[in-house]
Amino acid sequence: MTGDVKDYRLLTIPEKRMYDLVLSQLIFMDSLQTNNLMDNINPYITAPEVNACLSRQSYEEANHSKSYAVMVESISDNTDKIYDMWKTDVKLREKNNYIADVYKSLTAGDNGEITDTKIVLALFANQILEGLYFYAGFAAMYALGKSGKMLGSSQIIRFIQRDEVTHLLLFQNMINSVRKERPELFTPALESKVRQMFREAVTLEASWGAYITQGQILGFTDGIILQYIQYLADKRLTAVGYA
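All chains use their own residue numbering, which begins from 1 and follows the written sequence. With the structure being a predicted model, the display of local features is reserved for residues of pLDDT at least 70 and the display and counting of side-chain atom pairs for 80 or more, all residues being used for whole-chain, interface and lining totals. To get the side-chain values, take all heavy atoms of the structure and skip hydrogens and water.

Quick look at the packing of aromatic side chains
Stacked, tilted and edge-to-face are the three classes applied to pairs of Phe, Tyr and Trp rings, where Trp contributes its six-membered ring and a pair requires centres within 6.5 Å; stacked means planes under 30 degrees apart, edge-to-face means over 60, and tilted covers the rest. On inspection of all chains with the given rule, the structure shows 6 aromatic pairs. Measuring from centroid to centroid gives 6.1 Å for F124 and Y242, while their planes differ by 25°, and the two rings are stacked. Of this pair, F124 sits in helix α7 (residues 116-131) while Y242 sits in the segment after α11 (222-239), and the two are 118 residues apart along the sequence. With a 1.4 Å probe rolled over the protein chains alone, any residue whose accessible area is under 20% of its type maximum counts as buried; one over 50% counts as exposed, and the rest are partly exposed. Judged by relative accessible area, which is 0%, F124 ranks as buried. Linked through ring pairs, F124, F186 and Y242 together constitute an aromatic cluster. Charge-over-ring contacts are defined here by two conditions on Lys NZ or Arg CZ: a distance within 6 Å of the ring centre and an angle within 35 degrees of the ring normal. Against the face of Y242 rests R179, its NZ or CZ located 4.9 Å from the ring centre. Its end group placed over the ring of Y135, R236 keeps NZ or CZ at 5.3 Å from the ring centre. In this text, helices come from DSSP runs of H or I with a minimum length of four residues, and strands from runs of E with a minimum of two, each type numbered from the N-terminal end.

Focus on the pattern of salt bridges
Whenever Lys or Arg places a side-chain nitrogen within 4 Å of a carboxyl oxygen from Asp or Glu, that contact is recorded as a salt bridge. Under the defined criterion, the tally for this structure stands at 8 salt bridges. Of the charged contacts, one joins R56 and E60 as a salt bridge, the two residues approaching to 2.8 Å between their closest N and O atoms. On the criterion of helical spacing, the pair formed by R56 and E60 is a turn pair, its members being 4 residues apart in helix α3 (residues 48-75). A salt bridge links E191 to R195; the shortest N-O distance between them is 3.1 Å. Note that E191 and R195 are positioned in helix α10 (residues 188-213) at a spacing of 4 residues, about one turn of the helix. For R195, a relative accessible area of 18% corresponds to the buried category. Because the salt bridges share partners, they merge into one network encompassing D116, R182 and E184.

Some words on the confidence of the model for the protein
pLDDT: the predictor's confidence for each residue, scored from 0 to 100. Per-residue confidence for the protein averages 92 on the pLDDT scale, and 98% of its residues sit at or above 70. Within the protein, helix α6 (residues 90-107) has the poorest average pLDDT of any element, 84, and α11 the best, 97.

What about α3?
Expected helix span is taken as 1.5 Å per residue step, with the number of steps being one fewer than the number of residues. A rise of 1.5 Å per residue sets the reference length of α3, with its 28 residues, at 40 Å; its end C-alpha atoms lie 41 Å apart and thus fit the reference within 8%. Any two residues whose heavy atoms approach within 4.5 Å at even a single point are treated as in contact. If you follow the buried residues of α3, they end up packed against α1 (2-10), α2 (13-41), α4 (79-83), α7, α8 (135-146) and α9 (151-181).

A few points about the packing of α7 against α9
Inter-axis angles, ranging from 0 to 180 degrees, are taken between N-to-C directions of lines fitted to C-alpha atoms, where helices are fitted over the stretch in contact. At a minimum axis distance of 9 Å, the contact between α7 and α9 shows a crossing angle of 155°. Classified by the angle between their axes, α7 and α9 sit roughly antiparallel to one another. In the packing of α7 onto α9, the handedness of the crossing is left-handed. Mapping the contact onto sequence places V120, L123, F124, N126, Q127, E130 and G131 in α7 and E164, H167, L168, F171, Q172, M174, I175 and V178 in α9. The nonpolar class holds Ala, Val, Leu, Ile, Met, Phe, Trp, Tyr, Cys and Pro. Asp, Glu, Lys and Arg form the charged class, and all remaining residues, Gly among them, are polar. For the contact of α7 with α9, the residue count by class is 8 nonpolar, 5 polar and 2 charged. By the definition adopted for this analysis, an angle is roughly parallel if under 35 degrees, roughly antiparallel if over 145, roughly perpendicular if from 65 to 115, and oblique otherwise. If you view the pair so one helix is near and one far, a crossing is left-handed when the near helix is turned anticlockwise from the far one by less than a right angle, and right-handed when it is turned clockwise.

So, in structure tokens, the structure goes:
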């Protein structure tokens, strides 16, 4: 982080704003996932090897949060400002609340009952989380690195994304395994719901990418960001057997 401390002071105002917003959002995402995996997913999985993978993933999510904290504490002018952005920035709060509400709706069944369909939808929600909601932020960090700035931060993001790819593959394999074991759950109604979840996720993430860049970051336009997120969504759907 030594070089990044110097680079951070030389960032333009839009670059510094983007960096701070991305860190604040990524901290929330991994903090949410650390508990979500153990509380809302792992208890319903009966394959012990998958239980082990999810436990490992939960540890990695906590480690990611720690890595972001190191970045914040090492670099930023005002650490409390970044940690409080989830409360003070309206757009960030809206995004975080939306994601949290999706998980809440999938874990709060009627009369406390969790249905098989809700568990399957929770697997898709995790695929979306691991495969879409991190990527505008990751791309922003890589853009700074490509311009020769914040190289240490870009490297940490590469390490984190390496983990996220394995998490994404885990959930895609879980979805495809359930499809083989319980094909009756994969109804047209389920597919319609999944596609709705993906469309809403694409809209939210593309909007977030446009918000953090505001047309002032070299290499980004709102159209490029939207196309990139749509491309990722197509890849995620194809990986679980949907067109």
